[in-house]
Amino acid sequence: MTRHAVVALTVAAAVGGLTAPTALANSAPAAPAAVPASVPTDPVVTGATVNGGKDVVVGTTERKTFTVTVHGSDDSGLQFADVDLLGPAVGFYTTDNYCETATACTTTFTVDPHPDPYNENTDLRNANAGRWHVNTLVDTNDGASLLAKNVGGFLLKRAAALTVNAAPEPVVRGGTITVTGKLTRANWDTYRYAGYTGRSVALQFRPKAGDTYTTVKTLTTNGTGNLRTTVKAASDGYWRWSFAGTTTTAPKNATGDFVDVR
């Protein structure tokens, strides 16, 4: 066989091979690759909401009850949460509860300004006022657990009280009105209210026909929490003192005292 004949046979064989895909196209499709089973995820705590996002304010006589909701997730769902509240001066409260949904666990706390006769460590003291934070241990439906610290925070504050008296009533237009008052706050050590000294308090006025108070001047409470100033009588309206609050004491507005200007 000549060299040209060998080449011709080789090319023919190669061309014949191109018909193979046609046969494969008529065959059954290949089985799809196996999908790996899902891998369980670790539980996650995303935060905590305390008292609906508001400060926790406590007076001297009544207990304050509020909720703490821990938010999180897990592929099997959250089941149970142990919640601790930690604050200044070794403040500590703890409680636990089953989760109401797969992503939320709500517990209820009660703060009592009076001593606990069974455990003096839970007594609420003045030094406990201020910023608190939330720690939690959550369990999931598939048996996993997660300890999460500082997942939320709130301010535990001493309640404030504020009085006002504007006199004389009525008063002649252009005359002098004397406005007095007193700022006090809850004392968790004595279970009484005491004067809050050295605090800035705004004197505000609202016209009889209006609905908005405007600050006229700002004073500082004296050594017993008292306030006193004078203003000129210009028109009928309400006078009040307004305290903005601090990190340890709640804000407070006095109820407006109406003065009739004639």
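So, here's what we can say about the structure. (Residues numbered from 1 in each chain as written. Predicted model: local features only at pLDDT ≥ 70, side-chain atom pairs only at ≥ 80, totals over all residues. Heavy atoms only, no water.)

From N to C terminus, the protein includes two helices and 17 strands. Burial statistics for the protein: of 262 residues in total, 37% are counted as buried. A fraction of 63% describes how many contacts in the protein between residues 6 or more apart in sequence connect residues 24 or more apart. If you sum the accessible surface of the protein, you get close to 14900 Å²; carbon and sulfur atoms cover 55% of it. (Helix = DSSP H or I, 4+ residues; strand = E, 2+ residues; numbered from the N terminus. Buried < 20%, exposed > 50% of the residue type's maximum accessible area, 1.4 Å probe, protein only. Contact = heavy atoms within 4.5 Å. Areas by Shrake-Rupley, 256 points an atom, 1.4 Å probe, with all protein chains shown as cover.)

What follows concerns the sheet that holds strand E5 (residues 91–98). Ordered by their spatial adjacency, five strands build an open sheet running E2-E8-E7-E4-E5, and the pairing between neighbours is mixed. Only two strands of the sheet have a single partner each, and these edge strands are strand E2 (56–58) and E5. When strand polarity is set aside, the average angle formed by the axes of neighbouring strands in this sheet is 25 degrees. As judged from the eight bridges shared by strand E4 (residues 78–87) and strand E7 (residues 130–140), these two strands associate in the antiparallel manner. Among the inter-strand pairings, aspartate 82 is bridged to a residue of E7, identified as leucine 137. (Pairing = 2+ DSSP bridges. Axes fitted to C-alpha atoms, helices over the stretch in contact; angles between N-to-C directions.)

With that settled, consider the pairing of strand E13 (residues 214–220). Relative to E13, strand E12 (residues 200–207) is paired through six bridges, and the arrangement is antiparallel. Note that in E13 the partner of alanine 202 across the bridge is threonine 218. As consecutive antiparallel partners, E12 and E13 are separated by six residues.

Let's shift gears to unusual backbone geometry. The peptide bond linking alanine 167 to proline 168 adopts the cis configuration, its omega dihedral lying at 5 degrees. Topologically, proline 168 is positioned in the loop between strand E9 (160–167) and strand E10 (176–187). A cis amide bond links glutamate 169 with the next residue in sequence, proline 170, at an omega value of 0 degrees. With respect to the element layout, proline 170 can be found in the loop between E9 and E10. Of note in the backbone geometry, asparagine 150 takes a positive phi value of approximately 50 degrees without being a glycine.

A few words on the pattern of salt bridges. A complete count under the given rule lists four salt bridges for this structure. The partner of aspartate 55 in a salt bridge is lysine 157, with the nearest N and O atoms 3.0 Å apart. Note that aspartate 55 is positioned in the loop between strand E1 (44–50) and E2 and lysine 157 in strand E8 (residues 145–158), a separation of 102 residues in sequence. With a shortest N-O distance of 2.9 Å, arginine 262 and aspartate 260 are connected by a salt bridge. Residue aspartate 260 is classed as partly exposed on the basis of its relative accessible area of 23%. (Salt bridge = Lys/Arg side-chain N within 4 Å of Asp/Glu carboxyl O.)

Honestly, it's all geometry; don't read function into it.
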